[in-house]
Structure formats: structure tokens, C-alpha cells
Amino acid sequence: MKFLSNVLAVIVGLLIFWVIGFFMLAGIIAISSSGDQTEIEENSVLHIKLNGIPIVESAPDDDLGLPPLPYIGNTTTIGLNQIIKAIRTAAENDDIKGIYLESGMLSAGQAHILEIRNELNSFKEKGKFIVSYSEYYSEPGYFLSSVADEIYLNPIGDIEFNGFSSAPVFFKGMFEKLEIEPVIFRVGEFKSAIEPFILEKMSEENRLQTRTYLNDMNTVMVEQVANSRNLETEKVREINDGMLVRNGQDALDYKLIDGLWYDDQVITRLKDKLEISEEDEDINTIGITAINQSAKSKNRLSENTIALIIADGEIVGGEAIDQISSERFLKEIRKARKNEDVKAIVIRINSPGGSVVASEVIWRELSEAQKEKPLIASMSNYAASGGYYIAAPADTIVAYPNTITGSIGIFGLWFNAKGLLNNKLGITTDEVSTGTYSNLLDPTKTISEAEKAIMQKKVEEGYDTFISRVSEGRNMSREQVLAIAGGRVWSGKKAKENGLVDVLGDFDDAIEIAAKKAGIADDYRLVVYPKQKSVFEQIMEDLGSDVQSTYQRIKLGYSYEIFNTLEKIEKLQGRMVLLPFQSEIK
């Protein structure tokens, strides 16, 4: 035991030493980077390397691009704002001649990919080139990389281009074996978030809505790829539908790529484009972090302000930092509303929804803000269920054609664990109550029909409120809203057609609309709410969560995703407006 304790002490000591050393190094880098701006050398290339790095809605400008922690995992994410800023800075800098794109293994939502593609297209319009290379292209990775002028794949690499799929996990059989009875309260035949607990496969309604929005998203990708590769849309659709590309040679034959090359051959090609002789060993490259550090701030000094409220994550009550928490966002919205310099508000939503009460709290404060100044909603990858709830009061709702939105419905979830406790574990309970419903929703007993009626009425009342919020915000009759509600999920394209969205566009379009409505189109500055965390705050937060998740992944293996879903179930409290679980699109 003494030996083991000594070994453990050494391990803990080494870990502490490494962490302290890491932050000392980070501090040195921070100090060194806070001086003069990074100089961009002549005839340079912006190197965009996004393989395996999750793209989030927004990240702090002082991100140092530090390496991942060994044995712990990648604590690094990159913000969409950082990528866009880097591309724009490169487009405007005469010393940057092109972009070398290595993003075959991309971790990003479909709307984020579309926004980056649009920015890369603008970069090409400046007469500059984009060359892409990867050893493997995932579907999202190829979607982004297809914007390049030239695309190269490793000779024995692979490319995935076969459309989207979504495969929810169902727990009905497990609950039956454990003698746990899920009790569901919902309104909306398309509100499928509860289906994993009561079914063994998708309902027909859920299958219909999933097929529809996946087809819409796939169509966006196919059309974009066809346009970038100068191919007929129907031909690209045929390639995609039949998975006609099954190896690198197929990709070359069908003109999805330009060559089967090794990385050194691609480097030689970059030298040719830069008119560098083969004898010159190095290409002048600069990464996203460095080029952003070189950029001068373009935020105007005007007193006229557009408040950008970034709502990213699930909607929850309280003061949670890493989610859209009602108390925290109420304060931020109120700050923007009461600030006389703020002439318009843009709320950027990337959320699958969450708590009904929290959504209502945020909706109320946004409604009050809308009465005083223009309010524009900019939808990102998701703005559904509770995410749509908080978008409803906006003057204008802007979405990408492949945004997932709608899901206007509500559900409640309760588990009767009496069978598990009594029959499986031998645990019994007893109780004394003062009233008929004092033990309402006690998980150790079977729920009565009267109790079910009480809970169902609460859910129906919540749905009625949700419909009213949408009806009021969209200037639609209740009947019109009910016709497109029922919990159904829509793509941004379909949402525009049925009146849930006003404009198909990107973040810049939302800012432009806000500025025009406020009458400050040529004189404003953008201020982010809530204030973004510093890089060190973000590292500390990521460090704790990554240690825990890495340990769970190692311990649980293939069962990790199921465990992760069950953890989400545990957090569900009260009535929920939430997208389906396990809605990952592959």
C-alpha cells in the first residue's frame, strides 16, 4: 500500500508540475503576443487546418492556439468568428496570395460550413487561389473543401460523399428489462424527443420530418458542390445518391477532385502558384491565430452600438455559464435594452431548445427589448423548439437554408421506477401524505390517471402559450401556426416558405438588416453580449470537462454515447421544448 501511495503521489506531482508548466508557458506566449502585431511576409499563404477541431459559434479573440493536453484530450475549439476574420484579413492583405485548406476531417454544423464556404468564395473573388488537400475527406470536410480551386486526395486516401443520415438510439427494450416505465406527456405528433423512451423505432411522423429536412440539407450541399466543381447538379445528385465514389480514382473520374497526390506534390503545386522555385525549401505560411493577431481592429469608434447577443447551447434555468441560462441572459438582454448607445439588438441563436420556463423568461425580456429598438434573430446550425421560442419576438428572422428550426411543440417526461426498485433491487418505500397529490410524480409509485391528467394539462397549457408567442411574433393566426407546428422540424428553406423565417441569409445579412432598421447603416460598432471569456478562463473550463469526458470514454467505450444520453435525461426538469435526442447528422 505504501508503494502504491508513493506511485500515486509521483503521478499527481507530475501532473501538477505539467499543468503549472503549461500555464507558465501560456503566460509567456500571451505576454509575447501582446506586443507588436504579427507581420505577414510577402508572397504568403493562409494555412487553414481544421482537422478534428470542433468549430463553435464564437471564441475569444485572444485565443493563442495552444496544443492539446497529453492524455487528456483536445481542449481546443475554434470559433466561427475567428475563421471568418482570418479569411477576410487574408482577402484584404496583398501579401496573402492564397489559402492552403486542410479540413478533410471537419467537425462543424452544416450552417457553419455554408457560412465559411461563402466567405471562401468571396476570397476567391479577390483573384486569389484556394488549394485543398487531405488524406481523407469526410462528408462535411468535402462539402467545405469543394469550394477550393483545386482539390487533391492522397493516392490511397478516401472520400465520403453519400448523403446524410440520422440514427436515433431507442431505450424502450432496456427500460422493459429494468422494469422502468416512462410516462410521457406531449403535444404535437411530430414532437419526437420522447420517442427513444417509448418506441423501438421511429414513428412515421418522425421519419417523414427527418427525411424531409435531411433531403433539404443534402440538396444545399449537392447544389453548392455542383456549382463549385462546374458540374451539373443532377449528375452530382446521382453520384451522391448512389455513392458512386468509392475510392480515390472514382472521385477523380467523376471530377470531384483534381488529382491523387501526396502532400509534397501539393506543396510543389503551391510553390508553382506562388512562382517559387523548387529549390526554395519553405513557403511563407500563416495560421488563423497569427493572422488574426496581425489584423487591426475594425470596430468603429461610433457611439451607435449594435448589441450582439450570442445564445449558444441548451436553454436552462439559473446562471449556468456554458448554456443559455435564463437569469444570465435576462440580465444581458436588459443591459442592452437599457443602454442608450445600443440602437439595435441581434440575437445569434444556436440552440436545440430546452426548458419551457427558461425560454419564456428569455422571450419576455426580448419582447420588451423589441418594443424599444430593432431586434433581429440570426439562426445558426439549430434554432429549434426553445431556440425558435426565443426567436419569435424578432422583427426579422434570418436563417441559412440548411438551418434546423421549427419544432414548435412541448413535452414532459417522468419515470416510474417502482418495478426496478421492488423487483430488481429489493428496495421498498412507504410514505405519509397530507393531501391527495402531495406525492405527485413520486418515482417509486405508479402514476394515477388523475395525476396524468394534471400533467397533460400543464403540457397543453405550455403548448398553447408557445403557439401564442409564435402567432404574435410572426403576425400569423393561431390556425396558421398550428398548421406548421405540432413539433415538426423544418429546414431553413422550408421555414422561409411557411412563414417561420423572413430571410435566407447569413450573419452579415442580419447585422446589415439591424443597422438599416436602426438608421445607422454607415455609423455603428458591434458589441458582444455576454462578454466572452478570456482564453485562460476557457482553458480552465475545458480542462475540467475534458478530463471527465475522456475518463468516461475510456471507461465506457462504445457505451459512452448511450451513457451521455442518459445523463441528459437526468437533467430534464419540468416541461421541455427540445429537439430529438441523438439527432446527430452523419
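The model shown is predicted, which means the values in this text are computed figures rather than measured ones.

Right, let's talk about the overall build of the chain for a bit. Each helix and strand counted, the chain has 21 helices and 22 strands in total. Put simply, the chain has 586 residues, and 49% of those count as buried. Counted over contacts in the chain with a minimum sequence separation of 6, partners at least 24 positions apart contribute 75%. Summed over all atoms, the accessible surface of the chain reaches about 28000 Å², with 51% contributed by carbon and sulfur.

Attention now goes to the packing of aromatic side chains. Within the structure shown, the criterion is met by nine aromatic pairs. Ring geometry for Phe 175 versus Phe 197: centroids 6.3 Å apart, planes at 45°, classification tilted. Placement of Phe 175 in helix H5 (residues 172-178) and of Phe 197 in helix H6 (residues 195-198) is noted, with a sequence separation of 22 residues between them. Both residues of the pair, Phe 175 and Phe 197, belong to the buried class. Among the aromatic residues, those joined into a cluster by ring pairs are Phe 171, Phe 175, Phe 197 and Phe 415.

A separate point is unusual backbone geometry. For Asn 230, which is not glycine, the phi torsion reads 55° and is therefore positive. Within the secondary structure layout, Asn 230 lies in the loop between helix H7 (204-229) and helix H8 (233-241). With phi around 55°, Asn 475 is a residue other than glycine that occupies positive phi space. Within the secondary structure, Asn 475 sits in the loop between helix H16 (449-474) and helix H17 (478-484).

Moving on, we get to the pattern of salt bridges. Tallying each qualifying case throughout the model produces 26 salt bridges. Among the ionic pairs, Arg 348 bridges to Glu 115, the shortest N-O distance being 3.7 Å. Pair noted here: Arg 348 is in strand E13 (residues 342-351) and Glu 115 is in helix H3 (residues 110-124), with a separation of 233 residues, a long-range link. The pair Arg 348 / Glu 115 is uniform in exposure class, with both members buried. Glu 360 serves as the salt-bridge partner of Arg 469, at 2.6 Å between the closest nitrogen and oxygen. Placement of Arg 469 in helix H16 and of Glu 360 in helix H13 (residues 356-372) is noted, with a sequence separation of 109 residues between them. For Arg 469, a relative accessible area of 17% translates into the label buried.

Summary statistics for the chain give a mean pLDDT of 86 and a share of 81% for residues scoring 70 or more. Considering only residues more than four positions removed or in separate chains, one finds that residues 64-75, a stretch of pLDDT under 50, has 33 contacts. Counting contacts from residues 539-551, a segment whose pLDDT is below 50, to residues more than four positions away or on other chains yields 18 contacts.

One open sheet accounts for six strands, arranged E8-E6-E5-E4-E1-E9; its pairing is parallel. Strands with a single pairing partner mark the edges of an open sheet, and in this sheet they are strand E8 (259-260) and strand E9 (284-286). When strand E1 (residues 44-49) meets E9, the two strands line up parallel, connected through three bridges. Residue pairing in the sheet places Val 45 in a bridge with Thr 285 of E9. This element, helix H2 (residues 80-92), spans E1 and strand E4 (96-102) of the sheet and lies at about 165° to E1. Against the sheet, helix H10 (residues 263-274) makes contact with E1, E4, strand E5 (129-137), strand E6 (150-159) and E8, and its axis sits at roughly 180° relative to E5, the strand it touches most.

Along its 26 residues, H16 runs 37 Å from first to last C-alpha, staying within 8% of the 38 Å computed at 1.5 Å per residue. When we look at burial in H16, the residues that qualify are Glu 451, Met 455, Val 459, Gly 462, Tyr 463, Phe 466, Ile 467, Arg 469, Val 470, Ser 471 and Arg 474.

Time to look at the packing of helix H12 (residues 326-338) against H13. As a packed pair, H12 and H13 sit with axes 9 Å apart at the nearest point and diverge in direction by 5°. The angle between H12 and H13 places the two elements in the roughly parallel class. In this structure, H12 contributes Ser 326, Phe 329, Leu 330, Ile 333, Arg 334 and Arg 337 to the contact, and H13 contributes Ala 358, Val 361, Ile 362, Glu 365, Leu 366, Glu 368, Ala 369 and Glu 372. A class-by-class count of the residues in the contact of H12 with H13 yields eight nonpolar, one polar and five charged.

Taken together, the side chains of Glu 135, Asp 263, Asp 264, Asp 272, Glu 278 and Glu 279 present a region of like negative charge at the surface. Among the elements that make up the negative patch, the one with the highest residue count is H10 (three residues). The topology assignment puts Glu 279 in the loop between H10 and E9.

Further remarks concern H8. Buried within H8 we find Val 236, Ile 239 and Asn 240. Along the long axis of H8, the arc covered by the buried residues comes to 95°, so they all point the same way. Seen from the open side of H8, the exposed residues pointing more than 90 degrees away from its buried face are Glu 234 and Asp 241. Those residues of H8 that are buried lie in contact with helix H4 (139-145) and H7. Where H8 ends, the next residue or the one after it, Met 243, has phi of about 45°, a positive value.

Tracing the backbone through its elements, the reader meets Ser 103 in the loop between E4 and H3. In this structure Ser 103 comes out as buried when scored by relative accessible area, which is 0%. With residues near it in sequence (within four places) discarded, Ser 103 still touches Ile 48, Leu 50, Asn 51, Gly 141, Leu 144 and Ser 145.

So, how was this worked out
Residues numbered from 1 in each chain as written. Predicted model: local features only at pLDDT ≥ 70, side-chain atom pairs only at ≥ 80, totals over all residues. Heavy atoms only, no water. Helix = DSSP H or I, 4+ residues; strand = E, 2+ residues; numbered from the N terminus. Buried < 20%, exposed > 50% of the residue type's maximum accessible area, 1.4 Å probe, protein only. Contact = heavy atoms within 4.5 Å. Areas by Shrake-Rupley, 256 points an atom, 1.4 Å probe, with all protein chains shown as cover. Phe/Tyr/Trp six-rings, centres within 6.5 Å; stacked < 30°, edge-to-face > 60°. Salt bridge = Lys/Arg side-chain N within 4 Å of Asp/Glu carboxyl O. pLDDT = per-residue confidence, 0-100. Pairing = 2+ DSSP bridges. Axes fitted to C-alpha atoms, helices over the stretch in contact; angles between N-to-C directions. Expected span 1.5 Å × (residues − 1). Parallel < 35°, antiparallel > 145°, perpendicular 65-115°, else oblique. Nonpolar A, V, L, I, M, F, W, Y, C, P; charged D, E, K, R; others polar. Patch = residues over 30% accessible without salt bridge, like charges linked within 9 Å, V, L, I, M, F, W, Y side chains within 5 Å. Lys, Arg positive; Asp, Glu negative; His and termini not counted. Charge placed at Lys NZ, Arg CZ, Asp CG, Glu CD. Arc of directions from axis to C-beta.

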